[in-house]
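Commentary on secondary and tertiary structure
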Amino acid sequence: MSKTVKNEGPDLSYHNGTVNIKQIRDAGYKRIALRAGYGKNNTDQKFPVNALACYNLGVSTMLYWFSYALNVSMAAEEGKYAVEHAKNYWEKCPIAFDLEYDSINYARKNGVSITRAVATDFAIAFLQEVKSAGYIPVIYTNKDYLENYFDMNRITEEVGTVYVWYARYVSNLSASEEDTADIWQYTSSGSIPGVSGKVDMNKYMTDFDDVKVVDKPTSCNLNILDFQKAANADGYRDQDGKELKEDGIDGPKTQYVRRQINLKAKRVGLIWKVGSEGAVVAWHQTRCNEILGHENNVDGKFGKDTRTETMELQKKLGLVVDGISGYDTIQSLFYN
């Protein structure tokens, strides 16, 4: 390969099961692509835990969103969903539009024929949302899609620079393919530490050095604001012994407080009874109802029913299913 490979790494989704990001990093893989979600704001079940691990371990990322758009407006909304997921962790990173054969089949079953013009319109709508939010627009494609579905000239005319994530499972790319590809997905049968079974692997000819981690978010997140109010009401204090500033930002002091919190039920023999109580429990119950679409009682008492609800939530979000709302579960409640 004549192009210089800057770094290499897998792309991961819930299909890969539970992975060990630290082992992947320590094996020398410097960038990991993560499926943030798919369709109408469906978060990949493993995204929260994988993204948090990448964030905490300083691993560079690329996010992608699997499209099930049926029209241009839906494709634009998917771009917004992808950006919102990225904002939870990174100020800038590559975000890829992923339209594949399953997307085409889904649309056909819903009465929509995705032609070259339609696929191109979808890509433009998605990538314009990514670019306008300050993220790096990427399109996932292959030889067939470049020839029959995506008009790259029109895409670059409308969006500007768009990086190409090119899937081709061969030993070497042709000269023209090398010239096209910024990222080469070269196999679906990779084997690396930290991942059980086969995994997609990618070579990055562009290193995206301008990716930055967000240290201090500047916008107020109402989920975090309500948590801060509840924590203050329950008497939790920061490392300086003070109430949390109610600003809707998950800064170091809010992170310190949520490290002190483990909401759980109390086991008495074979029976689960009320354990944790208070305003933070009520906040937790409210967020569970909102995310799961339930209407369970919000009474500020963490008993058997809330434990069951918590486990359902953790399963949905790809978290450790232990029925305890601690640091990671609370963070997921901030951003889902």
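Keep in mind that this is a model prediction, so the values were computed, not measured.

Observations concerning the overall build of the chain
Helix and strand content of the chain: 13 helices and 13 strands. Against the globule reference of 20 Å for 336 residues, the chain gives a C-alpha radius of gyration of 22 Å, in line with a compact fold. In terms of overall dimensions, the chain has C-alpha extents of about 65 × 45 × 40 Å along its principal axes. Look at the contacts in the chain between residues 6 or more apart in sequence, and 63% of them connect residues 24 or more apart. Put simply, the chain has 40 plus and 44 minus side-chain charges, and the middle of one group is 5 Å from the middle of the other.

Observations concerning the environment of Trp283
Within the element layout of this structure, Trp283 appears in helix α11 (residues 279–292). By relative accessible area, Trp283 is classed as buried at 7%. Between the alpha carbons of Trp283 and Ala231 there is a distance of 9.4 Å; along the sequence they are 52 residues apart. Among residues more than four places away in sequence, those in contact with Trp283 are Asn223, Asp226, Phe227, Ala230, Ile330, Leu333 and Phe334. One polar contact links the side chain of Trp283 to the main-chain carbonyl oxygen of Asn223, over a distance of 3.2 Å.

Some thoughts on the packing of aromatic side chains
Aromatic ring pairs are reported here in terms of the distance separating the ring centres and the angle at which the planes meet. A full pass over the atoms with the stated rule returns 21 aromatic pairs. Considering the side-chain rings of Phe47 and Tyr89, the 5.9 Å spacing of their centres and the 85° angle between planes classify their relative orientation as edge-to-face. Separated by 42 residues along the polypeptide, Phe47 in helix α2 (residues 47–57) and Tyr89 in the loop between α3 (72–87) and β5 (90–92) bring together distant segments of the chain. Each of the two residues, Phe47 as well as Tyr89, counts as buried. Here Tyr89 and Tyr335 contribute two aromatic rings whose centre-to-centre distance is 6.4 Å and whose plane-to-plane angle is 45°, an arrangement assigned as tilted. Of this pair, Tyr89 sits in the loop between α3 and β5 while Tyr335 sits in helix α13 (residues 327–335), placing them 246 residues apart in sequence. The class for Tyr89 is buried, based on a relative accessible area of 6%. Among the aromatic side chains, those forming a connected cluster through ring pairs are Phe47, Tyr55, Tyr89, Trp90, Phe227, Trp283, Phe334 and Tyr335. The aromatic ring of Tyr186 is capped on one face by Lys203, whose charged end is 4.8 Å from the ring centroid. Just above the ring of Tyr327 sits the side chain of Arg258; from NZ or CZ to the centre is 3.9 Å.

Comments concerning the confidence of the model for the chain
On average, residues of the chain score 92 in pLDDT, and 96% of them are at 70 or above. With pLDDT under 50 throughout, residues 211–217 is counted as low confidence; its partners more than four residues away or in other chains account for 15 contacts.

Overview of the packing of α11 against α13
Viewed as axis vectors pointing N to C, α11 and α13 meet at an angle of 55°, and their least axial separation amounts to 10 Å. Judged by the inter-axis angle, α11 sits oblique to α13. In the packing of α11 onto α13, the handedness of the crossing is left-handed. Contacts between α11 and α13 involve Trp283, His284, Arg287 and Ile291 from the first element and Thr329, Ile330, Leu333 and Phe334 from the second. Tallied by class, the residues present in the contact of α11 with α13 amount to five nonpolar, two polar and one charged.

Side note on the pattern of salt bridges
Applying the stated rule across the entire model yields 13 salt bridges. As a salt-bridge pair, Arg35 and Asp44 come within 2.7 Å of each other at their nearest N and O atoms. Between Arg168 and Glu177 there is a salt bridge, and its shortest N-O distance comes to 2.4 Å. Overlapping salt bridges, with partners in common, bring together Lys22, Arg25 and Asp26 in one network.

Some thoughts on the packing of helix α9 (residues 222–233) against helix α10 (residues 252–259)
Where α9 meets α10, the axes come as close as 11 Å, and the angle between the chain directions of the two elements is 60°. Taken together, the axes of α9 and α10 are oblique relative to one another. The hand of the α9/α10 crossing is left-handed. In this structure, α9 uses Ile224, Phe227, Gln228 and Ala231 to contact α10, whose residues at the interface are Thr254, Val257 and Arg258. For the contact of α9 with α10, a count of residues per class yields four nonpolar, two polar and one charged.

Overview of the nonpolar core
Ranked by internal contacts, the top residues of the largest apolar core, which has 59 residues, are Leu12, Leu63, Ile95, Leu127, Ile139, Phe150 and Ile155. Residue contributions to this core peak at eight residues, all from helix α5 (residues 116–132). What Leu63 contacts, discounting residues up to four positions off in sequence, is Leu34, Ala36, Phe47, Ala86, Trp90, Cys93, Pro94, Ile95 and Ala96. In this structure, Ile224, Leu263, Trp283 and Ile330 belong to the second largest nonpolar core, which totals 22 residues.

Procedures and definitions
- Residues numbered from 1 in each chain as written.
- Predicted model: local features only at pLDDT ≥ 70, side-chain atom pairs only at ≥ 80, totals over all residues.
- Heavy atoms only, no water.
- Helix = DSSP H or I, 4+ residues; strand = E, 2+ residues; numbered from the N terminus.
- Rg over C-alpha atoms; globule rule 2.2 N^0.38 Å.
- Contact = heavy atoms within 4.5 Å.
- Lys, Arg positive; Asp, Glu negative; His and termini not counted.
- Charge placed at Lys NZ, Arg CZ, Asp CG, Glu CD.
- Buried < 20%, exposed > 50% of the residue type's maximum accessible area, 1.4 Å probe, protein only.
- Polar contact = N/O pair within 3.5 Å; in protein donor to acceptor, adjacent residues only side chain to side chain.
- Phe/Tyr/Trp six-rings, centres within 6.5 Å; stacked < 30°, edge-to-face > 60°.
- Lys NZ or Arg CZ within 6 Å of the ring centre and 35° of its normal.
- pLDDT = per-residue confidence, 0-100.
- Axes fitted to C-alpha atoms, helices over the stretch in contact; angles between N-to-C directions.
- Parallel < 35°, antiparallel > 145°, perpendicular 65-115°, else oblique.
- Left-handed = near helix turned anticlockwise from the far one by under 90°.
- Nonpolar A, V, L, I, M, F, W, Y, C, P; charged D, E, K, R; others polar.
- Salt bridge = Lys/Arg side-chain N within 4 Å of Asp/Glu carboxyl O.
- Core = buried A, V, L, I, M, F, W, Y, C linked by side-chain atoms within 4.5 Å.

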